[in-house]
Amino acid sequence: MRFRHLVGWRMRSAGCLRKKVNLMSSDKFVYRSDLEKTPLPEILSTVNRYGVPGMLEVEYEGIIKRVYLLDGDIIFATSTDRSESLGAYLVRAEEITEDDLRRSTDELSNTPGARHGEILVRMGLLDKSKLGSAVRKQVQAIVWSLFNWSQGEVSFKVGRSKDDEVFKIKIPTARAIIAGCRRIGDPKVITARMGGRSSVLKRLPRPPHLEKLRLEPDERQLLELVNGKRTLYELCEEGPASAGANARVLYAFSELQMLMVDPAANGKILIQVRG
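Residues numbered from 1 in each chain as written. Predicted model: local features only at pLDDT ≥ 70, side-chain atom pairs only at ≥ 80, totals over all residues. Heavy atoms only, no water.

Novice: When you look at the nonpolar core in this model, what are you seeing that I'm missing?
Specialist: Proteins that are soluble and globular tend to have nonpolar side chains buried together. Within the largest apolar cluster, 72 residues are counted, with the highest numbers of intra-cluster contacts made by L56 and L250. Excluding its chain neighbours within four sequence positions, the residues that come into contact with L56 are L40, I43, L44, K65, R66, V67, L69, V154, S155 and F156. (Core = buried A, V, L, I, M, F, W, Y, C linked by side-chain atoms within 4.5 Å. Buried < 20%, exposed > 50% of the residue type's maximum accessible area, 1.4 Å probe, protein only. Contact = heavy atoms within 4.5 Å.)

Novice: Which parts of the structure should I look at to understand the sheet that holds strand β4 (residues 73-79)?
Specialist: Strand pairs in the sheet, formed through backbone hydrogen bonds, run parallel or antiparallel to each other. With antiparallel pairing, the five strands of this open sheet are ordered in space as β1-β5-β2-β3-β4. Strands with a single pairing partner mark the edges of an open sheet, and in this sheet they are β1 (30-34) and β4. If you compare each strand with its neighbour and ignore which way they point, the axes differ by 15° on average. Pairing of β1 with strand β5 (residues 153-158) involves five bridges; the strand directions are antiparallel. What sits directly across from D34, in β5, is E153. Contacts from helix α7 (residues 128-146) reach β2 (54-60), β3 (63-70) and β4, with the element oriented near 85° to β4. (Pairing = 2+ DSSP bridges. Helix = DSSP H or I, 4+ residues; strand = E, 2+ residues; numbered from the N terminus. Axes fitted to C-alpha atoms, helices over the stretch in contact; angles between N-to-C directions.)

Novice: How do you make sense of the pairing of β3 when you look at a structure like this?
Specialist: Both faces of the sheet carry side chains from a regular strand, because those side chains alternate between them. For β2 and β3, the ladder comprises seven bridges, and the chain directions are antiparallel. Paired with M55 across the strands is Y68, a residue of β3. With antiparallel pairing between neighbouring strands as the criterion, β2 and β3 make up a hairpin whose turn holds two residues, including E61 at a positive phi of roughly 50°. With six bridges joining them, β3 and β4 adopt antiparallel strand pairing. Across the sheet, K65 pairs through a bridge with S79, a residue of β4.

Novice: Looking at this structure, how should I read the environment of T97?
Specialist: Here T97 lies in the loop between α4 (86-92) and α5 (98-109). For T97, a relative accessible area of 43% corresponds to the partly exposed category.

And the structure:
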């Protein structure tokens, strides 16, 4: 059962969903699926549409990544992959050295309940003014990486989380979906999810929860080309960016329900979308 169908089955409207969520503990509502059946953009779009608070967990080959949402927007993310830790990110960004990382990690292990960023600031290894920006970029990197996971077990647990985080950020989920889809490595995956290169796309009225979404100039230009007559291939070729980049943005728009494949149309173009 697809995620949006599950939500529709549970609650008949967004207002009913929010009311139901308020009555449920996080233990009573856990959605489970896998990324092969329900791609990440679809899950995030549904959570955003209904403003559901909760924790999305994805596990694959022993790596667990968690994305925390409040009012439908992303506020934090974690990963058990040590290469995605805050310390590892700061080393790659040349904000701290490998020796700084080793010393601060030792100190962290001796300070129960402390956050690594707090330890780095306390030890004078990182300026406090840089910590918030570093956490945001680290969280974004974890979220973006999930868009290239085509396999993995998924669960979504309703309820507030991460209220104790020192640095809670807010990434509008609609923008995260567009940014994440832009980073999908293989455009063939997108073509398949959208029904093929000959699929005709038509625009939909902008959903109420996306009324304040501000599109970049190239995104707006691409969306304006969608007229219910052009195929996915034609839009990718005629859009403002490369064919692959255009395909990625169109896919994001489709998951945000700003456009859809027109089931009444059936084009015949069979030319490959370039990356």
